[in-house]
Amino acid sequence: MSPQAIKSRKSIYGVHPGVAMVQKWMQQLKDNTGRSLEEWIAMVQKEGPKSEAARRDWLKSKHKLGTNSAWWIAERAEGKGGDEDSDEKYLAAAAKYVEEQYAGKKEVLRPIYESILQLAGELGSDVKACPCKTIVPLYRKHVFTQIKPTTNTRVDLGLALAHYKGKLPKRIVDTGGFAKKDRITHRIELKATAEIDDEVKKWLKAAYDLDS
């Protein structure tokens, strides 16, 4: 990716794949359950239990809703959630997620995050970052890496290396993800931008290439 292309790129942030799933759920809710999202919210607020957790259980036990539906409706009945209801809402929330991840004592870790994000963006124009509340996964076709401020002094660079054939250096820690069938199978611990060396760049690119 040329310097000109990188400069012209508006943002590496993109809409999380989960947003499309939520939007589809909202569109089909009336047909599938007999009530729209707004109608479910009104009913829960009028007839349901008081706490969010009790409302989830009530929606599943009494109204036979699935876990995701019960969770999303109960959340919205509390006046929360909704960040995935539209692309615009998600992108606005995504920026907030990153700010919150690197607030307070973790603010010193922000340069590590920014450096990794820049390196990932230079791998190709097909890379997009889709922030969640506690991590920032980066996608090509699938998640190939994720950035997580795990402690106040450390960022973990997660890597999807399940299909890598070869020996890995000791620096790359097995997360147990392969056994759990998670995309992220390994991680590199980073405590300073100086630790983002050629080896880190090599494995970041390896994870990207494996998702071709």
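Coordinates for the structure precede this section.
Source: prediction; values computed, not measured.

Analysis parameters
- Here the residue index of a chain counts from 1 through its sequence in written order.
- Restriction of local features to residues with pLDDT of at least 70 applies here, the model being predicted, together with a cutoff of 80 or more for giving and counting side-chain atom pairs; totals for whole chains, interfaces and linings are based on all residues.
- Hydrogens and waters are ignored; side-chain quantities use all the structure's heavy atoms.
- What counts as a helix is a DSSP run of H or I of at least four residues, what counts as a strand is a run of E of at least two, and both are numbered from the N terminus.
- Note on classification: 1.4 Å probe, protein chains only; a residue is buried when its accessible area is under 20% of the maximum for its type, exposed when over 50%, partly exposed between these limits.
- Contact between two residues is taken to exist if any of their heavy atoms lie within 4.5 Å; hydrogens are not considered.
- Picture the helix axis, draw a direction to every C-beta atom, and the arc is the one those directions span.
- Here a strand pair is declared whenever DSSP counts at least two bridges between the two strands.
- Note on method: axes are straight lines fitted to C-alpha atoms, helices fitted across the in-contact stretch only, with angles between N-to-C directions ranging 0 to 180 degrees.
- Roughly parallel means an angle under 35 degrees; roughly antiparallel, over 145; roughly perpendicular, 65 to 115; everything else is oblique.
- Crossings are assigned a handedness: left-handed for a near helix turned anticlockwise from the far helix by less than a right angle, right-handed for a clockwise turn.
- Under the grouping applied here, Gly and all other residues not named as nonpolar or charged are polar, the nonpolar ones being Ala, Val, Leu, Ile, Met, Phe, Trp, Tyr, Cys and Pro and the charged ones Asp, Glu, Lys and Arg.

Asks: Got a minute to help me understand the environment of Ala20 in this structure?
Replies: With respect to the helices and strands, the residue Ala20 is situated in helix 2 (residues 17-33). For Ala20, a relative accessible area of 48% translates into the label partly exposed. For the pair Ala20 and Lys180, spaced 160 residues apart in sequence, the C-alpha to C-alpha distance is 25 Å.

Asks: What am I meant to see in helix 5 (residues 67-77) here?
Replies: In an α-helix, one full turn covers 3.6 residues, which means residues spaced three or four apart are oriented alike. Most of helix 5 is tucked away, with eight of its 11 residues classed as buried. Along helix 5, the positions that sit buried rather than exposed are Ser69, Ala70, Trp72, Ile73, Ala74, Glu75, Arg76 and Ala77. Contacts made by the buried residues of helix 5 are with helix 2, helix 3 (37-47) and helix 4 (52-61).

Asks: What is the right way to read helix 3 from this model?
Replies: What helix 3 keeps buried is the set Leu37, Trp40, Ile41, Met43 and Val44. One side of helix 3 holds all its buried residues, which, seen down the axis, span an arc of 165°. Across helix 3 from its buried face, at more than 90 degrees, point the exposed residues Glu38, Lys46 and Glu47.

Asks: What exactly am I supposed to notice about the sheet that holds strand 4 (residues 155-159) here?
Replies: The antiparallel open sheet is built from six strands, whose spatial order is 1-2-3-4-6-5. Each edge of the open sheet is held by one strand with a lone partner, namely strand 1 (128-129) and strand 5 (173-174). Looking at chain direction, strand 3 (residues 143-149) and strand 4 are connected through five bridges and run antiparallel. Bridge pairing links Ile147 to Leu157 in strand 4. Here helix 9 (residues 198-210) sits on the sheet and contacts strand 3, strand 4 and strand 6 (186-190); the angle it forms with strand 4, its principal contact strand, is near 40°.

Asks: Could you clarify how one ought to interpret the packing of helix 7 (residues 110-123) against helix 9 in this entry?
Replies: Helix-helix packing is characterised by the crossing angle of the two axes and by the distance between the axes. Close contact between helix 7 and helix 9 brings their axes to 10 Å; oriented N to C, the two are set at 45°. One finds that helix 7 runs oblique with respect to helix 9. With respect to the hand of their crossing, helix 7 and helix 9 are arranged in right-handed fashion. For the pair formed by helix 7 and helix 9, the contact residues are Ile116, Leu119, Ala120 and Leu123 on the first element and Lys201, Leu204, Lys205 and Tyr208 on the second. Among the residues forming the contact of helix 7 with helix 9, the class breakdown is six nonpolar, no polar and two charged.

So yeah, pure geometry; function would need other evidence.
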